[in-house]
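Per-entry structural report
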Amino acid sequence: MRKKRVLLAIATSTVSLVALTPAALANTRPQFTPGATGIGDPYFPLEGNGGYDAQHYDVAFSYDPATHRLDGTTSVTARATQNLARFDLDLQQLDVSKVTVDGRSATFTRDGQELQITPRHGIRKNARFVVAVTYGGVPQTIVGSPVVFGSPYGFVHTDDGAFMGDEPNAASTWFPSNDHPSDKASFTFRVTVPKDRSVIANGRLVSQRTTGDRSTWVWDEKYPMATYLATADIGQWQFKTGKTPGGIPETVAVDPKLIGRDPNHPDPMAFFWDTTAQATDLWSKTFGKFAFDSTGAIADLATYNGQAIGFSLETQTRPLYSDVRNTNTIAHELAHQWFGDAVSVQDWNDVWLNESFATFAQWLWAEKQGGATVHDQARATYNRHGATDTWWNVVIADPQRDTMFHDRVYSGGGMVLEFLREKIGDDAFFSLLHTWFEQHKYGNGSTEQFTALANKVAHQNLDSFFQTWLHSPGRPPLPQG
């Protein structure tokens, strides 16, 4: 009986087949399109690229100080954010000899700073892939840009090696990348140099091995980092490692040519070590627990074409200085480890979230060292600039590309933060900074997000205040207080 019922069921069932036309079959296949050639930053529209999220950079290169030649392979691990037919990396001037995607050769073309890569097969959305670019040449320093007042930046060749100061758009002078702060990633640096040279980079030293006349240094930054904060500096460094009094690992590298150069600080190692430790511990108490696993300094006697470079930059974990700087400058650059590095800008028009905050911190440092109060420093800034001074024409929250590092963004923004502090009170103000840091740590933030958080933390509508001080030109009346 059981067999008859099964046969009956088969006999009486109906099967319908649907014929799929070529058009219907095409609609079932994923459609692959090129990623955008730029993130869409209002100041640097071609910086960064669309279609993927960079997750890790493995930057391996050799450098010969005698010829200034760099040869390397950078591997980028990324996740596709769309079905990718093609994607770009940013790379300036260096010659590319080979590109692979997941180990297979890919075709590539160059269009200015855009390295356009076409893999053999489309990459599906959310798939992880690894693109490896082999390249070489003499990295070209960027000079004459009004953005940084004409100073040389990017990959800078020095008497005994090189240093890399990339803000805002020069990481692409020495490695291919998605060169925009909105796409942060972890980094590994593998740098081979003559054995009488040393390398210091972001993060922590993993290994150092000498074979014959060459030495390879491996540094690892495991926390997300914007590309412009990457550095791998080559020279005849003196090193010191240890911990701050607060227990944070610290590494300082000093160019021996700085010893005795500044009569106020004849021992630059002791000066950078002590000031860095003190400032790092202070900001950890003021703004929130230090976000990385190492702090420190890189101090180089740096020149370009025989001329000294006036350079300080908040490269992640340990800032870069082109000479012996004062303690205020060190405190400023280390404050960037919170505002700029751990919390990065969403777009470059938000740069005040980096520079105004570090300037406020610098003023707070000066006050704690027995100098003028932040209150007085803010009012001195206001009083230095009369109503007809063009200084007031720069809008802090949108300063424009060529004036993005104008003093109105630095001192003017620091002044605004102090006026905000006086308006909402110390408890709310420092709670705001701490909350901002914790909410956006390892990511990005925008002006709109900060002002919305300020309203929430202060339990006030501060929109008019921010419109007046951040979004408008001109000299408003000095707040009472």
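Shown above is the structure to which this text applies.
Keep in mind that this is a model prediction, so the values were computed, not measured.

**Focus on the overall build of the protein**
Within the protein one finds ten helices and 25 strands. Counting only C-alpha atoms, the protein reaches 100 × 65 × 45 Å along its principal axes. Burial analysis of the protein (481 residues in total) assigns 56% to the buried set. Partitioning the intrachain contacts of the protein with sequence separation of at least 6 by distance along the chain shows that 68% fall at a separation of at least 24. For the protein, the computed accessible surface area is about 20,000 Å², with 50% contributed by carbon and sulfur atoms.

**Comments concerning the sheet that holds strand β12 (residues 185-194)**
Taking strand neighbours across the sheet as the criterion, the eight strands line up as β6-β5-β9-β3-β2-β12-β15-β14 in an open arrangement whose pairing is mixed. A strand with exactly one partner marks an edge of an open sheet, and here the two such strands are β6 (104-105) and β14 (204-211).

**A look at the packing of helix α5 (residues 352-368) against helix α7 (residues 407-424)**
Where α5 contacts α7, the axes come no closer than 7 Å and their chain directions differ by 70°. Taken together, the axes of α5 and α7 lie roughly perpendicular to each other. Pair α5 / α7 crosses with right-handed handedness. Packed against α5, whose contacting residues are Trp352, Glu355, Ser356, Phe357, Thr359, Phe360 and Trp363, the element α7 presents Val409, Tyr410, Ser411, Gly413, Gly414, Met415, Leu417, Glu418 and Arg421 at the interface. Taken together, the residues of the contact of α5 with α7 sort by class into eight nonpolar, five polar and three charged.

**Description of the nonpolar core**
Grouped together as the largest cluster of nonpolar side chains are 140 residues, with contacts concentrated most on Trp174, Phe189 and Trp283. By residue number, the principal contributor to this core is α5, which donates nine residues. Not counting the four nearest positions on each side in its chain, Trp174 is found in contact with Val59, Phe61, Leu70, Leu94, Tyr135, Phe155, Met164, Asp166, Phe189, Ala230, Thr231 and Ala232.

**Digging into the packing of helix α4 (residues 327-335) against α5**
Viewed as axis vectors pointing N to C, α4 and α5 meet at an angle of 135°, and their least axial separation amounts to 8 Å. The orientation of α4 with respect to α5, classified from their angle, is oblique. In this structure, the crossing between α4 and α5 has a hand that is right-handed. Together, Thr327, Asn328, Ala331, His332 and Ala335 of α4 and Glu355, Ala358, Thr359, Ala361, Gln362, Trp365 and Ala366 of α5 make up the contact between the two elements. Classifying every residue of the contact of α4 with α5 by side-chain character gives six nonpolar, five polar and one charged.

**Let's talk about the sheet that holds strand β19 (residues 295-299)**
One open sheet accounts for five strands, arranged β17-β18-β19-β23-β22; its pairing is mixed. Edge positions in the open sheet fall to β17 (238-243) and β22 (312-313), since each of these has one partner strand only. Packed onto the sheet, helix α3 (residues 268-287) meets β17, β18 (249-254), β19 and β23 (320-321) and runs at close to 150° relative to β18.

**Section: the pattern of salt bridges**
Scanning the entire structure with this criterion turns up eleven salt bridges. Between Asp160 and Lys257 there is a salt bridge, with its nearest N and O atoms 3.7 Å apart. Linking Asp160 in the loop between β10 (154-157) and β11 (162-165) with Lys257 in the loop between β18 and α3, this pair joins segments that are 97 residues apart in sequence. A relative accessible area of 6% places Asp160 in the buried class.

**Some points on the pairing of β17**
Judged from the six bridges that link them, β17 and β18 form a sheet pairing that is antiparallel. Bridge pairing in β18 places Gly242 opposite Glu250. If you look at the hairpin formed by β17 and β18, you'll find five residues sitting between the two strands, and Gly247 has a positive phi there, around 95°.

**Comments concerning α4**
Count 3.6 residues to each turn of an α-helix, and residues three or four apart come out pointing the same way. Among the residues of α4, those classed as buried are Ile330, Ala331, His332, Glu333, Leu334 and Ala335. Along its buried surface, α4 packs onto α3, β19, β22, β23, α5 and α7. For α4, the capping residue at the N-terminal end is Asn326, with a side-chain oxygen 3.2 Å from the backbone nitrogen of Asn328.

Cut-offs used in this document
Residues numbered from 1 in each chain as written. Predicted model: local features only at pLDDT ≥ 70, side-chain atom pairs only at ≥ 80, totals over all residues. Heavy atoms only, no water. Helix = DSSP H or I, 4+ residues; strand = E, 2+ residues; numbered from the N terminus. Buried < 20%, exposed > 50% of the residue type's maximum accessible area, 1.4 Å probe, protein only. Contact = heavy atoms within 4.5 Å. Areas by Shrake-Rupley, 256 points an atom, 1.4 Å probe, with all protein chains shown as cover. Pairing = 2+ DSSP bridges. Axes fitted to C-alpha atoms, helices over the stretch in contact; angles between N-to-C directions. Parallel < 35°, antiparallel > 145°, perpendicular 65-115°, else oblique. Left-handed = near helix turned anticlockwise from the far one by under 90°. Nonpolar A, V, L, I, M, F, W, Y, C, P; charged D, E, K, R; others polar. Core = buried A, V, L, I, M, F, W, Y, C linked by side-chain atoms within 4.5 Å. Salt bridge = Lys/Arg side-chain N within 4 Å of Asp/Glu carboxyl O. Polar contact = N/O pair within 3.5 Å; in protein donor to acceptor, adjacent residues only side chain to side chain.

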